[in-house]
Protein chains: 2
Amino acid sequence: MARRSDHSREQIKEMALQATEKILIEQGLAGLSTRKVAAAIGYTAGSLYLVFENLEDLLLHVNVRTLEKLFQTLQGSANDCPEVQTCLRNMALAYITFAKDHPNLWSAIFERQWQNEMPDWYNDKIAHLFQLVEDKFQQLLPEARTDKVAQAVRAYWCGVHGVCMLGLTGKLDAISDHSTEELSNTLIDNFLFGLTSKKESRDD
Amino acid sequence: MARRSDHSREQIKEMALQATEKILIEQGLAGLSTRKVAAAIGYTAGSLYLVFENLEDLLLHVNVRTLEKLFQTLQGSANDCPEVQTCLRNMALAYITFAKDHPNLWSAIFERQWQNEMPDWYNDKIAHLFQLVEDKFQQLLPEARTDKVAQAVRAYWCGVHGVCMLGLTGKLDAISDHSTEELSNTLIDNFLFGLTSKKESRDD
DNA sequence: ACCTGAACACCGTTCAAGT
DNA sequence: ACCTGAACACCGTTCAAGT
């Protein structure tokens, strides 16, 4: 062998991405390796470096697909709700459900500390996700300054993420029996109540 | 060689822990290996398995030391504050500061997905930490049911952790320029305002 | 009893060589 | 031009063998 051209670059890329996703789902990030991916698609490890920079780059491309799936899910729960607060609560629950349904794909996004800065096409996807939440906060606080809204969105989403992370990795099990969903609602309800009350009474 | 008895089991354990901590601080979790630790203390990798179960066990023992340092820091900021809300805000800021000051030690606690369940001596340390926050919430909501307080503590701490995590790993940089500390205060102030207002008005 | 050193089964990444 | 396969520099873990 040594010149097969059985597949185009794009085909190899797609095969590698699907194989990586499968391994990730089945064996988690710790079970992922370039050699396994290569074997799964019938090539040698070296070939992967023709279509991806390295394992990190490959993983980043899988993660962006996960973010796209997450976007679809959140978008679904962002509509179909009578009032804004319900939407925000549902979106948090949808996020938690997504993480529970795809624990290894979700972990792969946050588990590893990356060598390099995130590329723009990746950051754009995250901004896209945040926009969904930002729209809701815009509705909730129509008169607030844009940076106030941005601040609220981030605080909200960090909080939800923290609940999700500590809940799903079982870091709270030893201490608490409260479900992740309950925790999420407690955090959100109080946060939003604080946010909207202060808005009405003090208007700062 | 092959029988040196230069050091007792306890001494080797201590040397290994210190070497691991040093490597972790300087090179991060990705740069840690049993072979490096062994070389640093003048033994072979095999010897580590006489005093620790495996790398995960070794890391867990380093992490529990980090948790102890964190406990000291939080305890410091838990006293020396006029009112409860200020304490809670200070403790969150102390947590964030600790994470910023010891990024690799802090990450090592959360970065990896563990093979085994956490041992009791580890979970006890975490419970110990939570107790610091729980005491403050007990003061804040003196008439609340114990499980309500527990719920509030966890929601609060998850939120703070989420801010810290997404803030420190730079997962928000692309989107927001708000400092981690500001985010933390936004989350906490609104959460606590919601929590205490509802307590007074509705008393559920 | 204590520790080694080799072995086993893996890694990510590079690149000369083959077609 | 495309892909291999060997090489390099690493891993965690085990365990027979040496003192």
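For clarity, every value in this text was computed on a predicted model and none was experimentally measured.

1. Examining the overall build of chain A
Regarding its fold elements, chain A presents nine helices and zero strands. Going from the N terminus to the C terminus, chain A shows its helices and strands as α-α-α-α-α-α-α-α-α. Projected onto its principal axes, the C-alpha positions of chain A cover 75 × 40 × 30 Å. The buried share among the 204 residues of chain A stands at 51%. For chain A, the exposed surface amounts to about 10,000 Å²; the carbon and sulfur share of it is 47%. Here chain A carries 21 positive and 28 negative side-chain charges, and the mean point of each set is 6 Å from the other.

2. So, the domain arrangement of chain A
All names here are of chain A. Parsing chain A into structural domains produces domain 1 (1–52) and domain 2 (63–203). When each unit is reduced to the centre of its C-alpha atoms, the spacing between domain 1 and domain 2 is 32 Å. Between domain 1 and domain 2 lies a buried interface of about 730 Å² when both sides are counted; carbon and sulfur atoms form 55% of it. Three residues stand out in domain 1 for area buried against domain 2, namely Glu21, Leu24 and Leu29, and they jointly supply 64% of the buried area on that side. Where domain 1 touches domain 2, the interface holds two salt bridges. One salt bridge in this structure joins lysine 69 and glutamate 21, with 2.6 Å as the shortest N-O distance. Remark: the boundary between domain 1 and domain 2 carries four residue pairs in polar contact (both at pLDDT 80 or more).

3. Focus: the nonpolar core
A general trend in soluble globular proteins is that nonpolar side chains are found buried together. Core analysis: the biggest nonpolar cluster contains 137 residues, and Leu74, Tyr95, Phe137 and Tyr156 of chain A together with Leu74, Phe137 and Tyr156 of chain B have the highest contact counts within it. Other than its neighbours up to four places away in sequence, leucine 74 of chain A contacts Met91, Ala94, Tyr95, Leu129, Leu132 and Trp157 of chain A.

4. Description of unusual backbone geometry
Residue and element names in this part refer to chain A. Residues other than glycine seldom take positive phi values, yet aspartate 80 does so here, at roughly 55°. Structurally, aspartate 80 is set in the loop between helix 4 (55–78) and helix 5 (84–101). Residue classification places aspartate 80 among the exposed positions, given a relative accessible area of 74%.

5. A look at the side chain of serine 77 of chain A
Residue and element names in this part refer to chain A. Within the secondary structure, serine 77 sits in helix 4. Look at serine 77 and you get buried, because its relative accessible area is 15%. For serine 77, the residues in contact, after removing those within four places along its chain, are Cys87, Asn90, Met91 and Ala94.

6. Notes on helix 6 (residues 103–110) of chain A
An α-helical turn contains 3.6 residues, so any two residues separated by three or four positions project in the same direction. Buried residues dominate helix 6 of chain A, accounting for six of its eight residues. All of the buried residues along helix 6 of chain A are Leu105, Trp106, Ser107, Ala108, Ile109 and Phe110 of chain A. Those residues of helix 6 of chain A that are buried are in contact with helix 1 (9–27), helix 4, helix 5, helix 7 (120–140) and helix 8 (146–168) of chain A together with helix 8 (146–168) of chain B.

7. Focus: the state of the cysteines
Considering all chains together, one arrives at two disulfides over all chains under this definition. Bridging cysteine 81 of chain A to cysteine 87 of chain A, the disulfide has an S-S length of 1.8 Å. Measuring the twist about the S-S bond at about 85°, one finds the cysteine 81 of chain A-cysteine 87 of chain A disulfide to be right-handed. With no disulfide of its own, cysteine 164 of chain A lies closest to cysteine 158 of chain B among cysteine sulfurs, the gap being 9.9 Å.

8. What about the relation of the copies chain B and chain A?
Between the two copies, chain B and chain A, the superposition gives an RMSD of 0.0 Å; the rotation angle is 180° and the shift along the axis is 0.0 Å. One copy is carried onto the other by what is essentially a two-fold rotation axis. Residue by residue, 100% of the interface of chain B is reproduced at the interface of chain A, so both copies engage with the same surface.

9. Side note on the pattern of salt bridges
Under the defined criterion, the tally for this structure stands at 16 salt bridges over all chains. The salt bridge partner of aspartate 147 of chain A is arginine 145 of chain A, with a shortest N-O separation of 3.1 Å. The class of aspartate 147 of chain A is partly exposed, set by a relative accessible area of 34%. Residue classification places arginine 145 of chain A among the exposed positions, given a relative accessible area of 58%. Between lysine 22 of chain B and glutamate 26 of chain B there is a salt bridge, with the nearest N and O atoms lying 3.4 Å from each other. Here the residue lysine 22 of chain B and the residue glutamate 26 of chain B both occupy positions in helix 1 (residues 9–27), the gap between them amounting to four residues, near one helical turn.

10. Focus on the packing of helix 5 of chain A against helix 8 of chain A
Residue and element names in this part refer to chain A. The interhelical angle for the contact between helix 5 and helix 8, taken along N-to-C directions, is 35°, at an axis separation of 10 Å. Relative to helix 8, the crossing made by helix 5 is right-handed. Here Leu88, Met91, Ala92, Tyr95, Ile96, Ala99 and Lys100 of helix 5 lie close against helix 8, whose contacting residues are Tyr156, Trp157, Val160, His161, Val163, Cys164 and Leu168. Looking at the contact of helix 5 with helix 8 residue by residue, the class counts come to 12 nonpolar, one polar and one charged.

11. Considerations on empty space enclosed by the protein
The final tally for this structure, using the stated rule, is three cavities of 30 Å³ or more. In this model, the largest cavity occupies a volume close to 240 Å³. Along the walls of the largest cavity sit 17 residues, with Phe110, Ile126, Leu129, Phe130 and Trp157 of chain A positioned nearest its centre. Of all the elements in the fold, those that place two or more residues in the lining of the largest cavity are helix 4, helix 6, helix 7 and helix 8 of chain A. A per-class count over the lining of the largest cavity returns 15 nonpolar, one polar and one charged. Looking at the second largest cavity, its volume works out to about 190 Å³. Forming the walls of the second largest cavity are 14 residues, and the residues nearest its centre are Phe110, Ile126, Leu129, Phe130 and Trp157 of chain B. Contributing elements (two or more residues each) for the lining of the second largest cavity: helix 4 (55–78), helix 6 (103–110), helix 7 (120–140) and helix 8 of chain B. Looking at the lining of the second largest cavity element by element, the count peaks at four residues for helix 7 of chain B. Taken together, the residues that form the lining of the second largest cavity break down as 12 nonpolar, one polar and one charged.

Each value, and the rule that gives it
- Residues numbered from 1 in each chain as written.
- Chains lettered and ligands numbered in written order.
- Predicted model: local features only at pLDDT ≥ 70, side-chain atom pairs only at ≥ 80, totals over all residues.
- Heavy atoms only, no water.
- Helix = DSSP H or I, 4+ residues; strand = E, 2+ residues; numbered from the N terminus.
- Buried < 20%, exposed > 50% of the residue type's maximum accessible area, 1.4 Å probe, protein only.
- Areas by Shrake-Rupley, 256 points an atom, 1.4 Å probe, with all protein chains shown as cover.
- Lys, Arg positive; Asp, Glu negative; His and termini not counted.
- Charge placed at Lys NZ, Arg CZ, Asp CG, Glu CD.
- Domains from an automatic or database assignment.
- Buried area = accessible area lost by both parts, 1.4 Å probe.
- Salt bridge = Lys/Arg side-chain N within 4 Å of Asp/Glu carboxyl O.
- Polar contact = N/O pair within 3.5 Å; in protein donor to acceptor, adjacent residues only side chain to side chain.
- Core = buried A, V, L, I, M, F, W, Y, C linked by side-chain atoms within 4.5 Å.
- Contact = heavy atoms within 4.5 Å.
- Disulfide = S-S within 2.5 Å.
- Least-squares fit on C-alpha atoms with pLDDT ≥ 70 in both.
- Axes fitted to C-alpha atoms, helices over the stretch in contact; angles between N-to-C directions.
- Left-handed = near helix turned anticlockwise from the far one by under 90°.
- Nonpolar A, V, L, I, M, F, W, Y, C, P; charged D, E, K, R; others polar.
- 1 Å grid on protein atoms, 1.4 Å probe; cavity = no way out; pocket = protein on both sides within 12 Å on 5 of 7 lines; lining within 4 Å.
- Points joined across faces, edges and corners; volume = space filled by probe spheres on them.

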